[in-house]
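Fold and geometry: a report
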Amino acid sequence: MESLTHLAQGFAIALTPANLLYCFLGVLWGTIVGVLPGLGPLAGLTLLLPLTYGLDPHGAIIMLAGIFYGAMYGGSTTSILMRIPGEAASIITCIDGYEMARKGRAGPALTIAAIGSFIGSTVSIVGLMLFAPPLAELMVNIRPAEELGLMVLALTIVTFVSHGPMARTVAMILLGLLIATVGLDPVSAHPRYTFGVMELTDGISFIAIAIGLFGISEILLTVEQVALHKPIRPTLASLLPRWSDFREALPSIVRGTGIGFLFGLIPGPSGVISTFVSYALEKRVSREPEAFGTGKIQGVAGPETANNATTGSAMIPLLVLGIPSIPATAILLSALLIHGVTPGTLMISRHPDVFWGLVASMYIGNVMLLVLNLPLVGIFVNLLRIPYAYLASLILVVCVIGVFTLKASSFDLWVMTAFGLIGYVLRKFDFDVAPLLLAVVLGDKIESAFRQALIVSNGRYLDLFQSNLSKGLAAMLVALIAFQVLSRRLNLRAKLPKEE
Amino acid sequence: MIRIRQRSGEIAIAAALAGLGGFAGYGALQMPLGTASVPDAGFFPLACAGGLALGSLWILVRAWYRRAGVEGCDLGHAAVAVVVAGLAILSFVFEKYGFAMLFPVLTAVIRTLAGRTWLHAAAIAAALSFGTWVFFVVLLGVQLPALLVL
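An account of the accompanying structure is given in this report. (Residues numbered from 1 in each chain as written. Chains lettered and ligands numbered in written order. Predicted model: local features only at pLDDT ≥ 70, side-chain atom pairs only at ≥ 80, totals over all residues. Heavy atoms only, no water.)

With that out of the way, let us pick up the overall build of chain B. The secondary structure content of chain B amounts to five helices and two strands. Taken from the N to the C terminus, the helices and strands of chain B come in the order β-α-α-β-α-α-α. In terms of overall dimensions, chain B is more spread out than a globule: its C-alpha atoms have a radius of gyration of 23 Å, far above the 15 Å expected for 150 residues. Over its C-alpha atoms, taken along the principal directions, chain B stretches across nearly 60 × 50 × 20 Å. Per-residue burial for chain B yields a buried fraction of 41% across its 150 residues. Restricting the contact set of chain B to residue pairs at least 6 apart, pairs at least 24 apart contribute 60%. Entry remark: accessible area of chain B is about 7,800 Å², with carbon and sulfur atoms responsible for 70%. Within chain B, one finds 9 positive and 5 negative side-chain charges whose respective centroids are separated by 13 Å. (Helix = DSSP H or I, 4+ residues; strand = E, 2+ residues; numbered from the N terminus. Rg over C-alpha atoms; globule rule 2.2 N^0.38 Å. Buried < 20%, exposed > 50% of the residue type's maximum accessible area, 1.4 Å probe, protein only. Contact = heavy atoms within 4.5 Å. Areas by Shrake-Rupley, 256 points an atom, 1.4 Å probe, with all protein chains shown as cover. Lys, Arg positive; Asp, Glu negative; His and termini not counted. Charge placed at Lys NZ, Arg CZ, Asp CG, Glu CD.)

Printed below as a string of structure tokens:
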């Protein structure tokens, strides 16, 4: 009941004309970045973040969150119509979505993807609304040792779910943690790796790093391989699915919602993984698994629902624990901090207006997205007619201005350019840069929690595991590592006969 | 354009990361380290740098002893070089000359990426520069270096 009262207050905030406009602009930009290949939610968020500096916290967070979940909707359009995933979480939709489009059934594929996305997203927001406040109350007395355990656990999970060999992911995390140490030591104010450069005393700007690693490197990778694809253009009349399509897709949507919500809670590229798990599950439970890949509607409904269902649950670790589980929520974290709102156990009690305003705006934004992604799908497809050279140039200008406005200094532009080049080379050779960014965000917090925890325990490491939560986290950490080692051994054994 | 084998690329990146780890570790040793019970400024960076150096060496050794495959990556694409050069120029001069430098840089970038004539590229660059100036400076009131585009 209390939640409903808070939600009503949230709607009062989200329904103001200004916040409705920010929500609309957010979901519109999110859909655009989702539609455009080479721009995902992360790049979309980083590009627009500097523009929110002048807004009030509600407007800024509502707009940025709109980009995050809007991009998940938009990504399916190009996957279905052009076989080009607009963002990583829509890769799997290419398989059956494009096959449906080739058979003249692009309309039903787009409609089911949009309806599944709407249902997945909405259920996920209900979950956020129901689980976040009690979890925050439960975690309100969290101590530095437990906070440290949670963050280490988050980074450990990232090493397991990130693509590529684990050693590379660990190296990326350590590089990120090292980058986070640049600047003045938070306790003694001793300069670390500043080399007498004044700009480095504040540390390296996270936004400049994020725009470089994701925005610039994405452009550099894309300009190498700009290819012309002819999109399939559905008419408005052809969008209506048959009743049998709904009947076949509904169980997949339900399963996709559950998978997406659970995976959203897990740190790492949860959106992408949830789509693969959902697709595999749909194939397994199907009576005709061999038909997958030839245009099965379940192959679109499940994964598209799953990737959208991650958006609400991915907000839970961010808003309740202050721990971003994916790079996109790391950008939301920095946006909240810029606007004086510290995500964590006390956020919901200290800033209920921001939390419930955000929840309410997500409901509204989802309805906006359903409208944007069904009747207006043709308009978004037309965006692909703009030559990529012009789009890339425009994005570069926005990146340059966005980063420059951080401190009105060209130093951040150098940082962005350098990290753009670093990200380009790393991604070329299959090094996942997402863990690096997450580690940069968590680096400060991990070090502070580590040092505070040691102060509290009088320097005794064993005392860090005194509370039940600490013990539980440590046990999970050990179990995860043991599982990883065991699964590797089993894989190795399975491979041995082949190699021999 | 240069084609670099996947294995060679991995070795080069791992070596660079190991070098960075070693350098950062040396830098951390120059800071007050404290003790394991009461860590000071250099403790955490030293741990991260040490871990990075060791982890990278592990990647390097594994890549070194792996059989080289045929797969590789092309580096040095002209379009990439022009975009990076454009960004470097902007990083160097944007603070001083602002939008005045955006136009020539964009012209060069569009000319290379789109493969159109200089005139066409200049027209698009002018439109983009003017449009972004109106959007950021006039509409959003963002404080940017004052020199105008046209």
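So, on to unusual backbone geometry. Residue and element names in this part refer to chain A. Of note in this structure, Tyr 193 is not a glycine but carries a positive phi near 50°. As for its placement among the helices and strands, Tyr 193 is situated in the loop between β2 (191-192) and α9 (206-224). Tyr 193 gets classed as buried once you look at its relative accessible area, which sits at 11%.

Attention now moves to the packing of aromatic side chains. Within this structure, the stated rule accounts for 11 aromatic pairs over all chains. Between Trp243(A) and Phe246(A) the ring centres are 6.4 Å apart and the planes differ by 50°, which places this aromatic pair in the tilted class. With a gap of three residues between them, Trp243(A) and Phe246(A) both fall in helix α10 (residues 243-264), about one helical turn apart. A relative accessible area of 62% means that Trp243(A) is categorised as exposed. Look at Phe246(A) and you get partly exposed, because its relative accessible area is 30%. On the basis of an interplanar angle of 20° and a centroid distance of 6.1 Å, the ring pair of Phe450(A) and Phe43(B) is categorised as stacked. With Phe450(A) in helix α19 (residues 434-456) and Phe43(B) in helix α2 (residues 43-64), this pair bridges two chains. (Phe/Tyr/Trp six-rings, centres within 6.5 Å; stacked < 30°, edge-to-face > 60°.)

Our focus in this paragraph is the environment of Ala108(B). All names here are of chain B. Within the element layout of this structure, Ala 108 appears in helix α4 (residues 99-114). Ala 108 sits 88 residues away from Leu 20 along the chain, and the two C-alpha atoms are 34 Å apart. In this structure Ala 108 touches Val 82 and Trp 118, once residues within four positions along its chain are discounted.

Here we take up the environment of Cys48(B). Turning to its location among the elements, Cys48(B) is positioned in helix α2. Judged by relative accessible area, Cys48(B) falls into the buried class, the value being 2%. For the pair Cys48(B) and Leu29(B), spaced 19 residues apart in sequence, the C-alpha to C-alpha distance is 12 Å. The contact partners of Cys48(B), leaving out residues within four places of it in the chain, are Leu174(A), Leu177(A) and Leu178(A).

Attention shifts here to the side chain of Ser205(A). Residue and element names in this part refer to chain A. Along the chain, Ser 205 falls in the loop between β2 and α9. Take Ser 205: its relative accessible area is 12%, and that puts it in the buried class. Reaching out from Ser 205, the side chain makes a polar contact with the backbone nitrogen of Ala 208 at a distance of 3.2 Å. Excluding residues that lie within four positions of it along the chain, Ser 205 makes contacts with Leu 406 and Asp 412. (Polar contact = N/O pair within 3.5 Å; in protein donor to acceptor, adjacent residues only side chain to side chain.)

All names here are of chain A. For Ser 361, the position within the fold is in helix α15 (residues 352-373). For Ser 361, a relative accessible area of 1% gives the class buried. Leave out the neighbours within four places in its chain, and Ser 361 touches Ala 14, Cys 23, Ile 62 and Tyr 69.

We now examine the interface of chain A and chain B. Every contact between the two is made by 55 residues of chain A and, on the other side, 63 residues of chain B. In total, chain A and chain B occlude about 5,100 Å² of area from one another, counting both sides; carbon and sulfur atoms represent 81% of this. Among the residues of chain A in contact with chain B, Tyr390(A), Ile401(A) and Phe429(A) are the three that bury the most area, contributing 14% of the side total. One can count one salt bridge joining chain A with chain B. The salt bridge involving Arg168(A) is made with Glu10(B); its shortest N-O contact spans 2.8 Å. Elements supplying a minimum of two residues to the side of chain A that touches chain B: α8 (166-180), α9, α17 (388-407), α18 (411-428) and α19 of chain A. In terms of residue count, α17(A) provides more of the side of chain A that touches chain B than any other element does, 12 residues in total. Residue composition of the side of chain A that touches chain B, grouped by class: 37 nonpolar, 10 polar and eight charged. (Buried area = accessible area lost by both parts, 1.4 Å probe. Salt bridge = Lys/Arg side-chain N within 4 Å of Asp/Glu carboxyl O. Nonpolar A, V, L, I, M, F, W, Y, C, P; charged D, E, K, R; others polar.)

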